[in-house]
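Observations on the three-dimensional arrangement
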Amino acid sequence: GAGVSQSPSNKVTEKGKDVELRCDPISGHTALYWYRQSLGQGLEFLIYFQGNSAPDKSGLPSDRFSAERTGGSVSTLTIQRTQQEDSAVYLCASTLGQWNTEAFFGQGTRLTVV
Amino acid sequence: AQRVTQPEKLLSVFKGAPVELKCNYSYSGSPELFWYVQYSRQRLQLLLRHISRESIKGFTADLNKGETSFHLKKPFAQEEDSAMYYCALRETSGSRLTFGEGTQLTVNP
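These lines cover the structure that appears in this document, whether it is placed above or below. This structure is a prediction, so every number in the text was calculated from the model and none was measured. (Residues numbered from 1 in each chain as written. Chains lettered and ligands numbered in written order. Predicted model: local features only at pLDDT ≥ 70, side-chain atom pairs only at ≥ 80, totals over all residues. Heavy atoms only, no water.)

**A word on the pattern of salt bridges**
This structure, assessed with the given rule, holds 8 salt bridges over all chains. Across the pair Asp86(A) and Arg64(A) runs a salt bridge whose closest N-O atoms are separated by 2.8 Å. Here the residue Asp86(A) occupies a position in the loop between β7 (75-79) and β8 (88-95), and Arg64(A) occupies one in the loop between β5 (42-50) and β6 (65-69), the gap between them amounting to 22 residues. Residues Asp86(A) and Arg64(A) agree in their burial class; the two are buried. Among the ionic contacts, a cluster of salt bridges with common partners joins Glu20(B), Lys22(B) and Lys73(B). (Salt bridge = Lys/Arg side-chain N within 4 Å of Asp/Glu carboxyl O. Helix = DSSP H or I, 4+ residues; strand = E, 2+ residues; numbered from the N terminus. Buried < 20%, exposed > 50% of the residue type's maximum accessible area, 1.4 Å probe, protein only.)

**Observations regarding the pairing of β5(A)**
All names here are of chain A. Buried residues dominate β5, accounting for 8 of its 9 residues. In this structure, strand β4 (residues 31-38) lies alongside β5, joined through 8 bridges in antiparallel fashion. If you follow serine 38 over to β5, its bridge partner there is glycine 42. (Pairing = 2+ DSSP bridges.)

**Comments concerning the state of the cysteines**
Under the defined criterion, the tally for this structure stands at 2 disulfides over all chains. The side chain of Cys23(A) participates in a disulfide bridge whose partner is Cys92(A); the two sulfur atoms lie 1.9 Å from each other. Taking the sign of the S-S torsion, -65 degrees for the link of Cys23(A) and Cys92(A), the bridge is left-handed. You can see Cys23(A) sitting in strand β3 (residues 19-24) and its partner Cys92(A) sitting in strand β8, a full 69 residues away along the chain. The exposure classification of Cys23(A) matches that of Cys92(A), with both residues buried. The side chain of Cys23(B) participates in a disulfide bridge whose partner is Cys87(B); the two sulfur atoms lie 2.0 Å from each other. The chirality of the disulfide connecting Cys23(B) with Cys87(B) is left-handed, given an S-S dihedral of about -65 degrees. Within this pair, whereas Cys23(B) is found in the loop between β3 (19-21) and β4 (24-26), its partner Cys87(B) is found in strand β9 (residues 83-90), the two being separated by 64 residues in sequence. Looking at Cys23(B), the relative accessible area reads 0%, which means it is buried. Under the relative-accessibility criterion, Cys87(B) is labelled buried at 0%. (Disulfide = S-S within 2.5 Å.)

**Focus on the sheet that holds strand β8 (residues 72-74) of chain B**
Two orientations exist for strands paired in a sheet by backbone hydrogen bonds: parallel and antiparallel. Spatially, β3-β8-β7 (chain B) is the arrangement adopted by the 3 strands of the open sheet, whose pairing is antiparallel. Since the sheet does not close on itself, it has two edges, and those belong to β3 and β7 (60-61) of chain B, each with one partner.

**Considering the sheet that holds strand β1 (residues 5-7) of chain A**
All names here are of chain A. Ordered in space as β1-β3-β7-β6, the 4 strands form an open sheet in which the pairing is antiparallel. Of all strands in the sheet, those bounded by a partner on one side alone are β1 and β6. Averaged over all neighbouring strand pairs, the angle between strand axes comes to 15 degrees, with direction disregarded. Sheet topology note: the β3/β7 ladder contains 5 bridges and is antiparallel. Following the sheet pairing, arginine 22 is matched in β7 by threonine 76. (Axes fitted to C-alpha atoms, helices over the stretch in contact; angles between N-to-C directions.)

The values reported here are purely geometric and, on their own, carry no functional implication.
Dropping the structure here:
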């Protein structure tokens, strides 16, 4: 596809369950970001992948959160033992490179933990 | 660590009035600054970047290093400008993109 694709669009899960969110970046984009968008909280940085470098995981809120990027392309964000406060829209973005490049965002995954 | 502050969560103006969305940042180096916009039910997208010194949809933003600000301005607001606006910063080392909390702009008829 032409843009960043995220799946699923919506996810409702029970508290305590694990969830996986997927992001397909634009082909050829070397950098990939995950953000969390909560009402009144803005865009909270979670993790950043750049090429073959070690990811910047400094934004992950707890050890229940992890992410990987396979083959420099698709990324999966995993949340273990979900809590109600994890409910948010999770956004993925990719950029062509590191320097002054536009970030292209996916449509997001709306996660609801009940 | 870098930080981006947008002091106004909500901003409401009338059509034809000037609008200014404030953005302040803290970063010890020379940053790259951006404004992103999210219209209702659409994806977050780039509006403009400071290095391009461009005007997009009538909006401009000037980087003021002395005041560490990057305010977004438009002389005559339009109803279609109603959206969520985010200011963002990237370190020149090319690491993560940090966003502010966002400002919800409403332009009333």
